[in-house]
Amino acid sequence: MADALLETKSLFKRFGGLVATDNLTIAIRPGEIHALIGPNGAGKSTAVAQLSGQLAPTAGHILFEGRDITRMRMPTRARLGIARSFQITSVLKDFTTLDNVALSVQAHQGHSFRFWKNARKDPTLRDPASLLLNELGLGPRADVITAELSHGEQRQLEIAMALAGDPRVLLLDEPMAGMGPEESTQMVTFLKNLKGSRAMLLVEHDMDAVFALADRITVLVYGRAIATGTPEEIRANAEVRDAYLGADDMVA
Amino acid sequence: MSLDIRSWGVREIFNFLLITILALVPVYSWMSGNTFIITLVTRALVYAIAAMSLNLIMGYGGLVSFGHAMFLGIGGYAAGIMAFHGNTNGLLQFPLAFFVAGLFAMIIGALSLRTRGVYFIMITLAFAQMVYFAGVGLEAYGADDGMTLSRRSRLGPIDLADRNQLYLFCLAVLLFTVWMMGRIVNSRFGMVLRGAKSNETRMLALGFPVFRYRLAAFTMAGAWCGIAGALMANQAAFVSPAMMHWVQSGDLIVIVVMGGINSLFGPVYGALAFIIVEHQLSVWLKDTWQLVFGPMIVLLALFARNGLDDLFKLMGGRKDGRDG
Ligand SMILES: Nc1ncnc2c1ncn2[C@@H]1O[C@H](COP(=O)(O)OP(=O)(O)O)[C@@H](O)[C@H]1O
Ligand SMILES: [Mg+2]
């Protein structure tokens, strides 16, 4: 128990008759990259939504450092250190790249009932944000309105925003979705460098990326976890191969 | 507006001209003997202050309240009722208007801000109608006829019964409002408010409890509109439920949209244009002016969605549309 940072216990989520999360028990350990894979509609995003507090589970529990956070709301969880990115890019489109990251920094500096000082000229917000953008290679795009960023750049910004609050655990929902091969490789390298410094739940379709990054993998099918193990164990698992990896488009 | 003249664009030059012209209105009025213009522009200034308070939640927060005029009424009645009971000390009337309107805004905001979009528009309208009918029910204070203020406010050495002093006081409040709003929308609080307009889910995921910030903004906007209401009571020396009629709320929205959402000075242009056009049309067309004014507003909403902002951009103003 104690070795899990973020975990679910017998989690269920029903949408009417559809069971999108079916008795899911999964643990993300400190420092590990835990990949969550499965075919489209398996319930990966739904699981991320419940972990982040965006969706309330129908039944079951979510624990963070052993503490029950099932009913805790999304902003509170974020401030505790559970950060996420979205499968469908979700950034503040009318703001600059730097504004986006600076707001994420701001979210972790106590309340924002501060009405007087200009936030755009506040070095305690701008400096860490700039630093992070430079690390991600987005530095030159800092002052561009994010609506004008390329898709790949917006995906990188998603990660930057999730990282800006120095989270304990990162929930990444298909961070490479829609990226070109070059950008994907760059992202894999970046995530590899992050590895060990913080725990990650990585939802990803790109099996090369998953097997390159993950310490452990959980395979989800119809909301159910059919296997959890190291990449080698998952590769060797007959049930997984039948249910999922067997499909041509998924084989690495 | 930066004080460094070299950095000014078209927008800043216009703003500077506008302030200069507004400051010269009493001089012109005195030299020409035209006292009507000062009354007309005072009215526009009061509308501008009210519209700026609405702009905080609507322009920067994305919350289209269709009941904002209720705070004009509440502020107006707060001042008016005190005057009715013989207290015309503005140093008490204005804070009372501020706090009572703010209190109403806090309660109504707490209930309304749980809804979104059209539902928010409808529920704010419904609350405004409730307050409107409460005003109609104030038998002691003139019911639906309203009541005349026997005496306008005094604030220390300032006597609002004097036309010029009232004008300059309204202008001072307006300039203070522009400055204050400029600070607020660019502060951390303002960034949260604007971020939530842009992408609420993202702001929640970043760790901002959006509801709280919106409620604070709604309360501040209501309280500040209460000040505008107390000014309006002084301007007309009269308060009535008509101050918070839904048409009045609609007018405030039109003023904000005309001036260009997301711009600090926008509501000032919007209010001046609104009041002047309204007045001229009623002079030229007598009873039928509304038949022309209504369609004009609709056309404006359809074709110039960013109001005067679009005009400034056409004229080479800054492109960012951020603050200014
Ligand atoms: N808000 C919702 N309402 C109804 N059904 C939903 C909702 N969100 C997801 N689903 C359904 O739940 C299932 C799992 O979806 P999702 O978690 O997005 O899958 P994945 O991310 O693994 O592709 C799908 O069948 C999807 O249609
Ligand atoms: Mg998904």
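Residues numbered from 1 in each chain as written. Chains lettered and ligands numbered in written order. Predicted model: local features only at pLDDT ≥ 70, side-chain atom pairs only at ≥ 80, totals over all residues. Heavy atoms only, no water.

Caption draft 1: Structural context of the site of ligand 1. Residue and element names in this part refer to chain A. All residues adjacent to ligand 1 are Phe15, Leu18, Ala20, Pro39, Asn40, Gly41, Ala42, Gly43, Lys44, Ser45 and Thr46. The contact in question runs from an oxygen atom of ligand 1 to an N or O atom on the side chain of Ser45, over 2.9 Å. Separating an oxygen atom of ligand 1 from a side-chain N or O atom of Thr46 is a distance of 2.5 Å. In isolation ligand 1 has 560 Å² of accessible area, and contact with the protein removes 59% of it. (Near = heavy atom within 4 Å. Polar contact = N/O pair within 3.5 Å; in protein donor to acceptor, adjacent residues only side chain to side chain. Areas by Shrake-Rupley, 256 points an atom, 1.4 Å probe, with all protein chains shown as cover.)

Caption draft 2: Expanded view of the packing of aromatic side chains. A full pass over the atoms with the stated rule returns 19 aromatic pairs over all chains. Both rings, one in Phe98 of chain B and one in Trp224 of chain B, keep their centres 6.3 Å apart while their planes meet at 85°; by these two values the pair is edge-to-face. Taken together, the residues span a long stretch of sequence, with Phe98 of chain B in helix α4 (residues 90-112) and Trp224 of chain B in helix α9 (residues 210-236) at a distance of 126 residues. For Phe98 of chain B, a relative accessible area of 27% translates into the label partly exposed. Classification of Trp224 of chain B as buried rests on a relative accessible area of 12%. When the centroid spacing of 6.4 Å and the interplanar angle of 80° are considered together, the rings of Phe208 of chain B and Tyr213 of chain B count as edge-to-face. When sorted by exposure, Phe208 of chain B lands in the same class as Tyr213 of chain B, which is buried. Three or more aromatic residues link up through ring pairs in this structure, and these residues are Trp116 of chain A together with Phe98, Phe99, Phe176, Trp179 and Trp224 of chain B. Lying across the ring of Phe86 of chain A, Arg84 of chain A places its NZ or CZ 3.9 Å from the centre. (Phe/Tyr/Trp six-rings, centres within 6.5 Å; stacked < 30°, edge-to-face > 60°. Helix = DSSP H or I, 4+ residues; strand = E, 2+ residues; numbered from the N terminus. Buried < 20%, exposed > 50% of the residue type's maximum accessible area, 1.4 Å probe, protein only. Lys NZ or Arg CZ within 6 Å of the ring centre and 35° of its normal.)

Caption draft 3: The arrangement of the nonpolar core in detail. Core analysis: the biggest nonpolar cluster contains 143 residues, and Val101 and Leu191 of chain A together with Leu22, Met203, Leu231 and Val268 of chain B have the highest contact counts within it. For this core, the element with the highest residue contribution is helix α2 (residues 36-58) of chain B, accounting for 16 residues. Residue-level mapping places this core at the junction of two domains, with at least three residues from each of domain 1 (1-81 + 168-252) and domain 2 (90-166) of chain A. The contact partners of Leu231 of chain B, leaving out residues within four places of it in the chain, are Val46, Ile49, Phe94, Phe169, Cys170 and Val173 of chain B. In terms of nonpolar packing, the next biggest core, distinct from the first, is built from 22 residues, Val48, Ile82, Leu171 and Ala199 of chain A among them. (Core = buried A, V, L, I, M, F, W, Y, C linked by side-chain atoms within 4.5 Å. Domains from an automatic or database assignment. Contact = heavy atoms within 4.5 Å.)

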